[in-house]
Amino acid sequence: GFSSEHFFLLHKSGDSDLQFLLQGGDLLKVLSPSWKKTRYFRLMEDCKTIWRESKRTFKDSQTFSLDDISSVRLGRQSEGLRKNTEDQVEGRCFSIMFKSRRKNLDLIASSEEEAKQWFNSLQKVLSNRNNLNIQQKTEHWISSCLRKADKNKDDKMTQSELKNFLRLINIKVDDDYAEMLFQKCDKSKSGHLSGEEIEHFYDLLTHREEIDVIYGAYAKTTGFMSSQNLVDFLKKEQREKATLADAHNIIQKHEPDENAKEKKLLSKDGFLIYMHYPETLVLKPDHREVYQDMSQPLNRYFISSSHNTYLMEDQLSGPSSTEAYVRALLKSCRCVELDVWDGSDNEPVIYHGYTLTSKILFRDAIKSIKEYAFKTSDYPVILSLENHCSVEQQEVMAHHLSSILGSALVTSPLGEGMPTDFPSPEELKGKFLIKGKRLNKLEASFAPEAAEADDADVTEEDESNNEDEDEQKEDEKRKLAKELSGMVVYCKSVHFHSFEDARQNLSFYEMSSFKEQKALALAEESANSFIRHNVDKLSRIYPAGSRTDSSNYNPVPLWNAGCQLVALNFQTTCTDMDVNQGRFLVNGKSGYILKPAFLRDVDTEFDPITLTRGDWLKHKTLHVLVVSAQQLPKMNNKKFSFVDPLVKVQVYGVPADVAERQTVAVENNGFNPAWNESFQFDVYVPDLALVRFTIEDHDSTSGNEFIGQYTLPFNSLNMGYRQVPLLNKNGDVLSSAGLFVHIMVLDAE
């Protein structure tokens with residue numbers, strides 16, 4: 001039967017770690033300097049849920065899943081612990097960070113050893129869960145469901161327990177069907193299922209007809225696939241350059257049946273397991289790593305950028321937090337924004353000026369940024385300073401930047417003499433660049449007779465590039481501290497007058513920021529001029545001030561115009577953010593994507609709107625067959641709710657390529673809905689196109705509800721039968737769910 005022993009056999013964790021967590025213990029939960037309460041925590045028998053009990057008897061116990069944890073940090077690393085506890089408990093502290101917007105859990109153990117044990121055991125179990133391949137996840141997902149449905153814990157299932165089980169896995173069955181399935185499995189006619197009968201029942205549930213059909217078409221060797229059959233499948237369907245040696249490796253790695261493996265045959269189970277492996281996913285495996293040339297000048301790349309990075313929620317009254325910087329950086333954002341104002345005790349603070357958003361210390365933000373900047377990507381991080389400070393506090397800012405970031409901060413041009421171009425992301429690995437105002441031109445620091453400017457001076461021209469028009473007047477008069485000005489090397493903020501003016505008067509390192517409406521107008525009315533401007537300068541775009549709810553705008557038209565730093569509110573979950581993460585999903589999630597050649601050429605004729613002839617026109621036909629989906633989560637935990645899933649396929653890119661198609665809804669089946677609907681798209685500029693797959697729960701009355709999505713660049717599509725992972729609205733993978741499609745890209749005649 002499916003007992004917890006069965007689960008242990010499936011994957012033996014470090015047993016002592018598992019035993020420790022299953023036993024659990026008391027921890028002090030910290031919410032404020034005065035609120036610290038004892039709570040009992042332990043891992044439940046399903047080995048995936050943490051249970052927590054309050055000492056107050058009438059208070060409910062609470063649970064959360066291991067899959068919800070994004071990381072565990074030892075010591076006083078979280079903002080909460082630093083604020084609410086004293087130095088001497090450092091060794092006893094640890095915190096649990098969540099993927100969703102759930103608040104961090106800040107905990108204190110009774111000793112340093114115990115804190116370490118909690119930290120190590122959680123780390124171990126988490127990494128074991130992450131290493132399970134999808135096939136094992138399916139198995140243990142099913143087994144934990146079976147245990148939940150087995151009401152009286154006797155490892156036998158009655159028909160009503162079976163129906164509970166079906167409801168848990170999101171399948172609505174009428175009584176006749178439940179009866180039929182039950183009779184089919186109840187070989188012993190005992191009125192309940194146990195042992196092998198449950199396994200048979202499980203087989204009926206995990207059966208994938210579409211995989212059977214594909215397997216059947218190629219399994220030409222006494223009901224098995226030979227190595228040659230597998231090569232035929234890989235070449236013909238998957239369009240891969242496969243050899244017999246590749247086929248042997250696949251069989252060696254994925255075939256569960258030892259007899260078949262010896263004969264170099266692939267069984268249907270082996271084929272199913274293989275079809276769930278990362279190399280068979282819809283994203284080309286070589287695009288997961290850094291595959292682009294990273295040695296070109298910095299401005300030739302699209303750079304993942306965030307707006308008002310310090311905000312966790314809205315722009316008017318929400319909290320500011322160093323945690324917001326950590327989250328953005330871990331999502332491979334490479335340009336973060338710091339709005340800095342004078343604070344008390346001569347310590348500058350970060351918040352959204354003239355609003356009620358909370359404040360954080362500038363130095364704490366810089367410390368967090370330094371710690372997390374290069375965890376996801378090694379490539380440079382740009383600190384975009386929105387400086388509202390007095391000269392005195394600007395000097396404090398310069399001091400913090402220099403003492404905290406040390407040699408990682410670029411404070412003078414790389415190489416000898418005055419540079420004529422940007423350094424490359426490769427040369428700037430592990431470095432920070434400051435974007436901000438500068439007292440003079442960079443050239444001045446190389447002139448022999450460079451007159452020493454006073455300690456603080458007014459910037460040399462009307463450079464107000466401020467994100468608030470009202471402040472421009474005071475901004476023009478604001479003085480700049482020499483120490484801070486000197487740290488601005490490759491990203492000097494200047495005011496934009498016109499493309500003509502920029503061409504004649506601005507150096508390559510002088511860059512402007514554009515409000516989204518202004519940028520969109522330029523991208524529509526003078527796209528080619530904007531593209532040429534962005535061939536040798538950087539442009540940063542930011543959301544309209546009216547978006548007080550932190551909503552976003554579509555970044556695609558601005559990428560089409562060659563803009564590198566299209567800043568979005570990273571804290572907001574929305575389609576625009578999904579598309580941004582899809583653009584930066586590839587190239588090792590480095591946060592840098594090399595712009596197509598026609599956006600890097602000084603004499604380019606490219607215009608995304610009129611699409612005149614040129615080497616950007618590579619007309620392709622994209623054929624998508626939406627086959628099926630597996631294990632879609634229920635959208636609300638109401639006992640009797642079932643999913644009616646439908647799939648949308650969208651193409652983003654130049655206006656001529658933008659398109660959307662959708663399937664019909666499959667009623668009441670989130671477990672294994674099948675569509676078999678095919679769509680065709682014309683894609684004229686594949687280098688700028690992205691494809692987005694979305695699954696929604698159809699609801700004609702209240703509007704469809706989002707279930708999951710996956711967005712990737714058109715050029716990164718793998719052809720053939722492919723599994724598409726699904727991300728929830730926070731961008732985290734839905735561990736057991738997936739979409740199954742067939743992709744073909746052909747040259748259009």
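Note that the structure is a prediction, hence the values are computed from the model and not measured.

Cut-offs and rules
- Residues numbered from 1 in each chain as written.
- Predicted model: local features only at pLDDT ≥ 70, side-chain atom pairs only at ≥ 80, totals over all residues.
- Heavy atoms only, no water.
- Helix = DSSP H or I, 4+ residues; strand = E, 2+ residues; numbered from the N terminus.
- Contact = heavy atoms within 4.5 Å.
- Areas by Shrake-Rupley, 256 points an atom, 1.4 Å probe, with all protein chains shown as cover.
- Phe/Tyr/Trp six-rings, centres within 6.5 Å; stacked < 30°, edge-to-face > 60°.
- Buried < 20%, exposed > 50% of the residue type's maximum accessible area, 1.4 Å probe, protein only.
- Lys NZ or Arg CZ within 6 Å of the ring centre and 35° of its normal.
- Disulfide = S-S within 2.5 Å.
- UniProt positions renumbered as here; feature names shortened; annotations may be inferred.
- Patch = residues over 30% accessible without salt bridge, like charges linked within 9 Å, V, L, I, M, F, W, Y side chains within 5 Å.
- Salt bridge = Lys/Arg side-chain N within 4 Å of Asp/Glu carboxyl O.
- Lys, Arg positive; Asp, Glu negative; His and termini not counted.
- Charge placed at Lys NZ, Arg CZ, Asp CG, Glu CD.
- Pairing = 2+ DSSP bridges.
- Axes fitted to C-alpha atoms, helices over the stretch in contact; angles between N-to-C directions.

**A short note on the overall build of the protein chain**
Along the protein chain, the regular secondary structure elements total 24 helices and 33 strands. By sequence separation, contacts in the protein chain at least 24 residues apart represent 67% of the contacts at least 6 residues apart. Of the roughly 32,100 Å² of accessible surface on the protein chain, a fraction of 48% belongs to carbon and sulfur atoms.

**Observations regarding the packing of aromatic side chains**
Counting across every chain of the model gives 25 aromatic pairs. Centre to centre, the rings of F94 and W118 are 6.3 Å apart; their planes meet at 20 degrees, and the pair counts as stacked. Taken together, the positions of F94 in strand 6 (residues 93-98) and W118 in helix 4 (residues 112-131) put the pair 24 residues apart, joining distant regions of the chain. Classification of F94 by relative accessible area gives buried; the value is 0%. Ring centres 6.2 Å apart and planes at 50 degrees place the aromatic pair F302 and W559 in the tilted group. Of this pair, F302 sits in strand 12 (residues 301-303) while W559 sits in helix 23 (residues 556-560), and the two are 257 residues apart along the sequence. Here F302 falls in the buried class, since its relative accessible area comes to 1%. You can call W559 buried: its relative accessible area is 1%. Here the aromatic residues Y215, Y218, F233 and F271 are joined through ring pairs into a cluster of three or more. Between the NZ or CZ atom of R42 and the centre of the ring of W51, over which it lies, the distance is 4.8 Å.

**Here's the deal with the state of the cysteines**
Across all of its chains, the model carries 0 disulfides by this definition. Cysteine C335 remains unbridged, with the sulfur of C333 as its closest cysteine sulfur at 6.6 Å. Residue C335 is classed as buried on the basis of its relative accessible area of 0%.

**Focus: the UniProt feature "binding site: Ca(2+) 3" (unreviewed entry) in the protein chain**
UniProt annotation of "binding site: Ca(2+) 3" (unreviewed entry) refers to N308, E337, D339 and E386 when read in the numbering used here. The annotated residues occupy 79 residues of the chain but converge on a single region, no pair of C-alpha atoms lying more than 9.5 Å apart. Within the fold, N308 resides in the loop between strand 13 (305-306) and helix 15 (322-330). For N308, the residues in contact, after removing those within four places along its chain, are Q315, E337, D339 and H352. Relative to the helices and strands, D339 resides in strand 14 (residues 335-341). You can call D339 buried: its relative accessible area is 5%.

**A look at the UniProt feature "glycosylation site" (unreviewed entry) in the protein chain**
As annotated in UniProt, the feature "glycosylation site" (unreviewed entry) corresponds to S188 in the numbering used here. As for its placement among the helices and strands, S188 is situated in the loop between helix 7 (175-185) and strand 9 (193-194). Judged by relative accessible area, which is 48%, S188 ranks as partly exposed.

**Focus on a negative patch on the surface**
Taken together, the side chains of D203, D257, E258, E262 and D269 present a region of like negative charge at the surface. Within the secondary structure, D257 sits in the loop between helix 11 (244-254) and helix 12 (258-262).

**Quick word on unusual backbone geometry**
Positive phi, normally seen in glycine, also occurs at S332, with a value near 65 degrees. If you trace the backbone, S332 turns up in the loop between helix 15 and strand 14. Located in the positive-phi region is S550, a residue other than glycine, with phi close to 65 degrees. With respect to the element layout, S550 can be found in the loop between strand 23 (539-542) and helix 23. By relative accessible area, S550 is classed as buried at 1%.

**A look at the sheet that holds strand 6**
Sheet architecture is open: 7 strands sit in the order 4-3-2-1-7-6-5, paired in antiparallel fashion. Each edge of the sheet is formed by a strand with only one pairing partner; in this case those strands are strand 4 (62-65) and strand 5 (69-74). Strand-to-strand twist across the sheet, computed as the mean angle between neighbouring axes with direction ignored, equals 30 degrees. In this sheet, strand 2 (residues 36-43) lies alongside strand 1 (residues 25-30) in antiparallel orientation, the contact comprising 6 bridges. Within the sheet, the bridge partner assigned to L27 lies in strand 2 and is R39. Most of the contacts of helix 2 (residues 15-23) go to strand 2, to which it runs at about 130 degrees, and overall it touches strand 1 and strand 2.

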